[in-house]
Structures are given as C-alpha cells and as structure tokens.
Amino acid sequence: TGHHWGYGKEDGPSAWHRQYPVAKGNRQSPIDIIPNEARRDSTLGPIFLKYDQCRSLNIANNGHSVVVEFDDSDDRSVVLGGPLDNPYRLKQFHFHWGGKGCEGSEHTVAGVGYASELHVVHWNAVKYKTYNDAAAAPDGLAVLGIFLELGDDHRWLHMITDALYMVKFKGSATDFKGFNPKCLLPSSLHYWTYLGSLTTPPLHESVTWIVLKEPIVVSEKQLGMFRMLQFNGEEEDQRMRMENNFRPPQNLKERIVRSSN
Ligand SMILES: Cc1cc(=S)c(O)co1
Ligand SMILES: [Zn+2]
C-alpha cells in the first residue's frame, strides 16, 4: 500500500532517502570504481563459485527487475574465498539495464558505464539463520557484479530471454529449472571488492561487493528483449516499459576499493 519506490522522476533514486534514510549512509552502492586508485591486495585470494549443484526454481518480474531464484535450503551452491570469511549461499540473480543504446550498469569504471549489470546475490548462512536476517547484517550478503557490454549474441543468454515473455508484468513468475549461472561468467574472475549496500530499497548496508573486471558480451537484440518487460502489473492501465532500472554511483565516503591480483 502507499507510495512505492521506482525509477521514475517522482519515485526514483533521488527520492528514495525520504522513506529509506540509509540512502545517504556511509556505505552505499553502487560506486564509480577507479582502477588506478584501487588497492592491489596480495592477501586477497581468488573467489570460487561452486554452482554445479545449484537448483534454479523460478524466474519472476518483481516490478523492479527480472529475478531468477534458487533453492537455498542447503549449501549446494556457494561463493567462497576472496574477501569472504566463509561460504555465502546462492539466493538469486537479477539484472539492471538502460534504455536502447544507453548505459544501464550501476557500477561505473573510471566514469564509464556498461549497457547492463548482472547481480548474483548470496547470503551468509553460517552466521545468520534466514536470508532476511542476513540481508540486514553488515556481513550478511555477498553480491557478484558482472558487466554486460554490447557485441555479438551471448551463447546462453537466450535461455533467459526466451522466458521473458512469460514474466512481462509485475507479479508474474514461472518455473525456471536447470539453469546454472556459471554460463553467464566471463573467462577471468579477477575482481574489485568493497563494502556497500543493496542498490534498491531498503538499501541495507549489508553487501560485500565483488565486481568482476571482465564484462560478458551480449547483443543489442538480446538486451532489447529485457525492455519488453514492464514495471506495471497486467491490470494497471498505465504501461511502463522496464528500462533504466539502475541507481547512479553513490559517494565513496571513507571507503577504499581493493583489487584482486
Ligand atoms: C537483494 C537485492 C540486491 C540487489 S543489488 C538488488 O538490486 C535487489 O535485491
Ligand atoms: Zn541489483
């Protein structure tokens, strides 16, 4: 009920602080990553993505993005290593993108954005009993950020774009079994890491960000399929194309970004 947040003029990122004051906090995301200012940290090991036993469940339109959810009832699929003190359980992944031909990533690199950004969300089930507890804790979440740049068709992205017509409207969902996000990774797992937040309300400052340096390549045609999604529900008479669902970079404040070797 009541006025919900969105990406429009009245309800977009510049207005979120009214209902979510943490929007002006000290560890907000995304940020502009400046490679030359990132601290190379030899104590930062590689990250490991153990996704072989992952079990995808469904794909849904939540009115803000398209989300693929996983069975997180055990430690079958986790991310570990790098800046993380223990394994974090795979929960969901979703995307942020721009309008046709425009930038739509959330993190930028030396002021330059990409066409889109994939977020793979994991939670600390070692320290927290539920995802919701973890989502509100300073070391509760680990989100892998992967940039999408425009070029040739991505060999596997069609598995997602082929399903988008089933989740056109807010509140729609459909079965989505047997999808392994490993197929959406670039060849290198070199990364930048820093302490930040969710990039959508409630903007909890609970995320250890791991942003991969190497983008994956998708075609304008494939990315255009995401823009067939709508922010609105089927019953709403105001049709709003789902695009530009990204938050702009936030103040780094007293943080440093570290770089894997
Ligand atoms: C949990 C979660 C994380 C991100 S980054 C997002 O955009 C929405 O929900
Ligand atoms: Zn996100």
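Look a little higher up for the structure.
Residues numbered from 1 in each chain as written. Chains lettered and ligands numbered in written order. Predicted model: local features only at pLDDT ≥ 70, side-chain atom pairs only at ≥ 80, totals over all residues. Heavy atoms only, no water.

Asker: Go over the side chain of Asn86, please, and point to the residues and values.
Answerer: Along the polypeptide, Asn86 turns up in the loop between β6 (78-81) and β7 (88-97). Only 3.2 Å separates the side chain of Asn86 from the side chain of Asn124, close enough to count as a polar contact. Each residue touching Asn86, except ones within four places of it in the same chain, is listed here: Val79, Asn124 and Val126. (Helix = DSSP H or I, 4+ residues; strand = E, 2+ residues; numbered from the N terminus. Polar contact = N/O pair within 3.5 Å; in protein donor to acceptor, adjacent residues only side chain to side chain. Contact = heavy atoms within 4.5 Å.)

Asker: Any chance you could break down unusual backbone geometry for me, citing the residues and the numbers?
Answerer: In this structure, Pro30 follows Ser29 across a cis peptide bond, with omega equal to 0 degrees. Tracing the sequence through the fold places Pro30 in the loop between α1 (16-19) and β1 (32-33). Across the junction of Pro201 and Pro202, the peptide omega takes the value 10 degrees, indicating a cis bond. Structurally, Pro202 can be placed in the loop between β12 (191-196) and β13 (207-212). In this structure, Asn244 is a non-glycine residue whose phi angle is positive, near 55 degrees. Looking at the element boundaries, Asn244 is found in the loop between α4 (220-226) and β15 (258-259). Among the residues examined, Asn244 registers a relative accessible area of 31% and is labelled partly exposed. (Buried < 20%, exposed > 50% of the residue type's maximum accessible area, 1.4 Å probe, protein only.)

Asker: Account for the environment of Val167, with residues named and values stated.
Answerer: Inspection of the secondary structure assignment puts Val167 in the loop between α3 (158-161) and β11 (173-175). Val167 gets classed as buried once you look at its relative accessible area, which sits at 0%. Spatially, the C-alpha atom of Val167 lies 33 Å from that of Tyr194, the residues being 27 residues apart in sequence. Excluding its chain neighbours within four sequence positions, the residues that come into contact with Val167 are Ile59, Ala60, Asn61, Val66, Ser172, Ala173, Thr174 and Leu229.

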